[in-house]
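A closer look at the structure
The chain contents come next:
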Amino acid sequence: MRSTLIRLGFETLYRTSAYAALQPLVQGVGAVLMLHHVRPSRVGEFQPNRLLEVTPEYLTSILERLEAARVDVITLDEMHRRMVEGDFARRFVCITFDDGYRDNKEWAYPILSRFSVPFCIYVPSAFPEHRCRLWWLALELAIARSDTVKIEIGGRTLALACADAATKCAAFRKLYWQLRACADEAEIHRAVERLAAESGVDMVAETDGLCMGWDEIKTLATDPLVTIGTHTVNHVMLAKASEEEARRELLDGRRAVEAQIGRPVEHLAYPYGGRDTAAEREFRLAAELGFKTAVTTRPGVLFQAHRRHMTALPRLSLNGEYQDMRYFDVLFSGAATAVANGFRRVDAA
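All of these numbers come straight from a predicted model, not from anything done at the bench.

**So, the overall build of the protein**
Of regular secondary structure, the protein possesses 14 helices and 12 strands. On C-alpha atoms alone, the protein measures out to a radius of gyration of 20 Å, which is about the 20 Å that the 2.2 N^0.38 rule sets for 349 residues. Considered along the principal axes of its C-alpha atoms, the protein spans approximately 55 × 50 × 40 Å. Considering the protein as a whole, with its 349 residues, one finds that 56% of them fall into the buried category. In the protein, the share of contacts with a sequence separation of at least 24, taken over all contacts with a separation of at least 6, comes to 73%. Just so you have it, the protein exposes about 14,900 Å², and 52% of that area is on carbon and sulfur atoms. Between the mean site of the 44 positive side-chain charges and the mean site of the 46 negative ones, the protein shows a separation of 4 Å.

This is the structure we're talking about:
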């Protein structure tokens, strides 16, 4: 239902040309684009994590559109300079990737290099060290292999039928959000690890296959086009952690990346990044720890007023469910997120 409503919103804004009429009022001074995976389309109806991946062709089309529109694609350092100094003569874009997936190197990097545009990869230091498991991927794989899933969450055992694509999608949505609601993040990992083991999913192999190792990240970091940012150590929901633990995740994640690439790390992406996982306390901690910028997953473009909230920046998600250049035009106009945000420009609380 949510996906249908979002698509309807895009279509309405596009077909009525409302996005074009609103653009001068809501486009802001720039935007930070958020991606995760770039790789060819996978087959199969049950792909609940497809929203995290776009095709190489779609990424190419976006870069062509930005080039034709004479939008500056800049580094996070340059974005920070422009925001702080009030240099808004030209609209700009920053391109960012979360988590450090290997397809960023194999598929995205050649395309971005061909266009000579900079980008940032936010790395949770436990991922290249193979010390963390992608529980949302394991949940997908376990459901894909089963006709019924049984899992214990919060002391309750849930048994869900998932014999076809429709019931598998319903089971994933239900379990994903129940797991996200757990007060103790360790409980999420315990529950999914048990489910994965019972379903024959090798979480270690799956994580290692998807995530870059340090050697790959260090090689990318030698390219001036590439910024390596931090994404904590363990990709934790910071708002659910104590202040001491949250501070440690931010500090240790940054130090681990700095030790590997041999230069300061000044840019942060909050894991998950929504209102339930990153809010005022996290924004304050990032500022106290000296990060130049910190990005959320709250939807929005950048306005001049964001210069006072550089550790609470919104992003535009390039969602794999909406790989249509019409929708990108609506998104980049600022109209879709303006409507979603009730025309509030800054959401930093």
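What follows continues from the structure just given.
**Brief notes about the side chain of asparagine 104**
Its place among the elements puts asparagine 104 in helix α5 (residues 102–114). Here aspartate 103 takes part through its side chain, which lies 3.2 Å from a polar atom of the side chain of asparagine 104. Not counting residues within four places of it along the chain, the set of residues in contact with asparagine 104 comprises His36, His37, Val38, Phe97, Tyr109 and Ile121.

**Looking at the pattern of salt bridges**
In total, this model carries 34 salt bridges according to the counting rule given. Ionic pairing is found between arginine 281 and glutamate 282, a salt bridge with its closest N-O pair at 2.7 Å. For glutamate 282, a relative accessible area of 3% translates into the label buried. It is possible to trace a salt-bridge network through shared partners that takes in Asp72, Glu78, Arg81, Arg82, Glu85, Asp87 and Arg90.

**Brief notes about the pairing of strand β6 (residues 119–123)**
Here β6 lies mainly inside the structure; 5 of its 5 residues are buried. By the alternation rule, side chains of β6 split into Phe119, Ile121 and Val123 and Cys120 and Tyr122, which are all buried. Summarising the sheet, strand β5 (residues 92–98) and β6 pair through 3 bridges and their orientation is parallel. For phenylalanine 97, the partnering residue across the bridge sits in β6 and is isoleucine 121. Once the chain exits β5 it traverses α5 before rejoining the sheet at β6, and the crossover so formed is right-handed.

**Some thoughts on α5**
For α5, built from 13 residues, the straight-helix expectation of 18 Å at 1.5 Å per residue is met to within 8% by its first-to-last C-alpha distance of 18 Å. For α5, the principal kink sits at alanine 108 and spans about 45 degrees; a proline, proline 110, occurs within the next four residues. Among the structural elements, β2 (37–38), α3 (56–68), β5, β6, α9 (203–210) and α10 (214–221) are those in contact with the buried residues of α5.

**Concerning the packing of α10 against helix α11 (residues 243–261)**
Direction vectors running N to C along α10 and α11 enclose 70 degrees, while the axes themselves pass 9 Å from each other. Judged by the angle between their axes, α10 and α11 are roughly perpendicular. The hand of the α10/α11 crossing is right-handed. For the pair α10 and α11, contact is made by Trp214, Ile217, Lys218 and Ala221 and by Ala256, Val257, Gln260 and Ile261, respectively. Looking at the contact of α10 with α11 residue by residue, the class counts come to 6 nonpolar, 1 polar and 1 charged.

**Focus on the nonpolar core**
Counting residues in each nonpolar core, the largest one holds 51 residues, and the members touching the most others are Ile95, Phe97, Leu112, Ile228 and Phe328. Per-element accounting of this core gives the leading share, 6 residues, to helix α13 (residues 325–332). If we skip the residues at most four places from it in the chain, isoleucine 95 touches Leu33, Leu35, Leu63, Val73, Leu112, Val117, Pro118, Phe119 and Cys120. Counting 39 residues, the second-largest nonpolar core is a separate cluster that includes Ala142, Ile153, Val201 and Met203.

**Comments concerning the packing of α3 against α13**
The description of two packed helices rests on the angle between their axes and on the distance between the axes. Between α3 and α13, the shortest axis-to-axis distance is 11 Å and the interhelical angle comes to 50 degrees. Between α3 and α13, the crossing angle belongs to the class labelled oblique. Crossing handedness for the pair α3 and α13: right-handed. Taking contact as the criterion, the partners of Tyr58, Ser61, Ile62, Arg65 and Leu66 in α3 are, on α13, Met325, Phe328, Asp329 and Phe332. Looking at the contact of α3 with α13 residue by residue, the classes come out as 6 nonpolar, 1 polar and 2 charged.

**Side note on the packing of aromatic side chains**
Summed over all chains, the structure comprises 12 aromatic pairs. When the centroid spacing of 5.6 Å and the interplanar angle of 55 degrees are considered together, the rings of tyrosine 270 and phenylalanine 283 count as tilted. One end of the pair, tyrosine 270, is in the loop between β10 (267–269) and α12 (280–288); the other, phenylalanine 283, is in helix α12, and 13 residues separate them in sequence. Residue classification places tyrosine 270 among the buried residues on the basis of a relative accessible area of 0%. The exposure class assigned to phenylalanine 283 is buried, which follows from its relative accessible area of 7%. Ring pairing ties together the aromatic residues Trp135, Trp136, Phe172, Tyr176, Trp177 and Tyr272, which thus form one cluster. When the ring centre of phenylalanine 291 is taken as reference, the NZ or CZ atom of arginine 254 above it lies at 4.5 Å.

Criteria and cut-off values
- Residues numbered from 1 in each chain as written.
- Predicted model: local features only at pLDDT ≥ 70, side-chain atom pairs only at ≥ 80, totals over all residues.
- Heavy atoms only, no water.
- Helix = DSSP H or I, 4+ residues; strand = E, 2+ residues; numbered from the N terminus.
- Rg over C-alpha atoms; globule rule 2.2 N^0.38 Å.
- Buried < 20%, exposed > 50% of the residue type's maximum accessible area, 1.4 Å probe, protein only.
- Contact = heavy atoms within 4.5 Å.
- Areas by Shrake-Rupley, 256 points an atom, 1.4 Å probe, with all protein chains shown as cover.
- Lys, Arg positive; Asp, Glu negative; His and termini not counted.
- Charge placed at Lys NZ, Arg CZ, Asp CG, Glu CD.
- Polar contact = N/O pair within 3.5 Å; in protein donor to acceptor, adjacent residues only side chain to side chain.
- Salt bridge = Lys/Arg side-chain N within 4 Å of Asp/Glu carboxyl O.
- Pairing = 2+ DSSP bridges.
- Right-handed = clockwise from strand over helix to strand, strands pointing away.
- Expected span 1.5 Å × (residues − 1).
- Bend = angle between axes of the 7 residues up to and from the residue.
- Axes fitted to C-alpha atoms, helices over the stretch in contact; angles between N-to-C directions.
- Parallel < 35°, antiparallel > 145°, perpendicular 65-115°, else oblique.
- Left-handed = near helix turned anticlockwise from the far one by under 90°.
- Nonpolar A, V, L, I, M, F, W, Y, C, P; charged D, E, K, R; others polar.
- Core = buried A, V, L, I, M, F, W, Y, C linked by side-chain atoms within 4.5 Å.
- Phe/Tyr/Trp six-rings, centres within 6.5 Å; stacked < 30°, edge-to-face > 60°.
- Lys NZ or Arg CZ within 6 Å of the ring centre and 35° of its normal.

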